Amino acid sequence: MRRRSRGNNPLKLAALSSALAVAMGGMGYMAWQSMGKVTADQLGCFANAPQPQTVVLLDVSEPRFNDEQARSLKRYLDQLYNSLDFNERLSVVTTAEDQIGSVPKARSHVCGQATSAAELEAVNAEGASAGFLAKQKQRLYEKVFAPAIASVLSPDAASRQRYQSPILELVKGIRHFQPLRPGDRLIVVSDLIQNSDSVQFCRTQNDMPPFSVFAKRPVNGRLKPDSMEGIDVELLMIQRQGYGQGEFSYCYSEEELSRFWRDYFSANGVDNPSLIRIRHGYVEG
């Protein structure tokens, strides 16, 4: 029996053409909608959007923090990452030998991720679902932030600092690296024992008098930073053992050190600098 031939059905062709036209029109509309939208860089930052800053100065000089202290610092930095505002730039600057100089440079930086489509749309970026944004934030943490922090905190870190702890120089040099503005945040992670060719706290007698005395010395004029008025400062003090003896002969307690640094930041415009002690593997306020 001969098969009945199927000719072209005009109605079907018309329906198919209409469907194709609608699909292509939709794609064209989506492409048109995407034109002019901004995108983040590989570190999650939108360059042309408002960008508050948090800078972490991390002192990695010997003796380094012990394993328990390193775990406490990792928890603190993880919490810091998770609490970043949208597009807030978090930069980590260390005292490692390949990092220090007249102009500090960041070992790593990332930006806070959006948590809603509204935040993205406010900077003229494509919106996305909350679930997608949460996954994106986790990917940035796993691929960029966590490895960078692990390399800094590792006891086997390749880049070390055996001779200097130039905290005063780094604070002064921040303005050359990334000027801080009122509302920005500076976090100093250190045992607070300054040690450079300018000043050697604890190791050289009278190098760390009360700040009211230090402020009158020529070295303070050379190391004095620009005004830090309006900048939030937090000190994470790595506690050491043996104040008043050995290499720490000329500082007698952690209170003496913390008082100097609080007075130093207050004299340079900081309102109520805070301090957290990193002691025996736990954070103690």
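Residues numbered from 1 in each chain as written. Predicted model: local features only at pLDDT ≥ 70, side-chain atom pairs only at ≥ 80, totals over all residues. Heavy atoms only, no water.

Undergrad: Describe the side chain of Glu254, and please don't skip the residues or the numbers.
TA: Assignment of secondary structure puts Glu254 in helix H8 (residues 254–267). Side chain to side chain, Glu254 and Gln239 meet in a polar contact 2.5 Å long. Other than its neighbours up to four places away in sequence, Glu254 contacts Met237, Gln239, Tyr243 and Arg277. (Helix = DSSP H or I, 4+ residues; strand = E, 2+ residues; numbered from the N terminus. Polar contact = N/O pair within 3.5 Å; in protein donor to acceptor, adjacent residues only side chain to side chain. Contact = heavy atoms within 4.5 Å.)

Undergrad: Give a detailed account of the packing of aromatic side chains, specifying residues and quantitative values.
TA: In this structure the tally under the stated criterion is 16 aromatic pairs. Their ring planes at 50° and their centres at 5.5 Å tell us that Tyr81 and Tyr141 sit as a pair that is tilted. Of this pair, Tyr81 sits in helix H2 (residues 67–82) while Tyr141 sits in helix H4 (residues 130–153), placing them 60 residues apart in sequence. The pair Tyr81 / Tyr141 is uniform in exposure class, with both members buried. A centroid spacing of 6.2 Å and a plane angle of 35° characterise the contact between Tyr243 and Phe248, whose relative ring orientation is tilted. Note on Tyr243: relative accessible area 16%, which makes it buried. Residue classification places Phe248 among the buried residues on the basis of a relative accessible area of 5%. Ring pairing ties together the aromatic residues Phe201, Phe211, Phe214, Phe260, Trp261, Tyr264 and Phe265, which thus form one cluster. Stacked on the ring of Phe132, the Lys or Arg Arg139 has its end atom at 5.8 Å from the ring centre. (Phe/Tyr/Trp six-rings, centres within 6.5 Å; stacked < 30°, edge-to-face > 60°. Buried < 20%, exposed > 50% of the residue type's maximum accessible area, 1.4 Å probe, protein only. Lys NZ or Arg CZ within 6 Å of the ring centre and 35° of its normal.)

Undergrad: Give me the nonpolar core: which residues, what numbers.
TA: Across soluble globular proteins, nonpolar side chains show a tendency to be buried alongside one another. Counting 37 residues, the largest nonpolar core has Leu57, Leu186, Phe201, Leu257, Trp261 and Phe265 as its most contacted members. If you list the elements that add at least two residues to this core, you get strand E1 (53–58), helix H5 (167–177), strand E4 (185–190), helix H6 (211–214), helix H7 (218–223), strand E5 (232–238) and H8. Residue contributions to this core peak at six residues, all from H5. For Phe265, the residues in contact, after removing those within four places along its chain, are Val171, Leu186, Val188, Met228, Val233, Leu235, Val270 and Pro273. (Core = buried A, V, L, I, M, F, W, Y, C linked by side-chain atoms within 4.5 Å.)

Undergrad: Give me the lowdown on the pairing of E4, citing residues and values where you can.
TA: Each regular strand shows side chains that alternate between the opposite faces of the sheet. Of all six residues that make up E4, five are buried, and the element is covered over most of its length. By the bridge criterion, five bridges tie E1 to E4 in an arrangement that is parallel. Within the sheet, the bridge partner assigned to Val56 lies in E4 and is Ile187. Looking at chain direction, E4 and E5 are connected through six bridges and run parallel. By the bridge assignment, Val189 is partnered in E5 with Leu236. (Pairing = 2+ DSSP bridges.)

These figures come from the coordinates and say nothing about function on their own.
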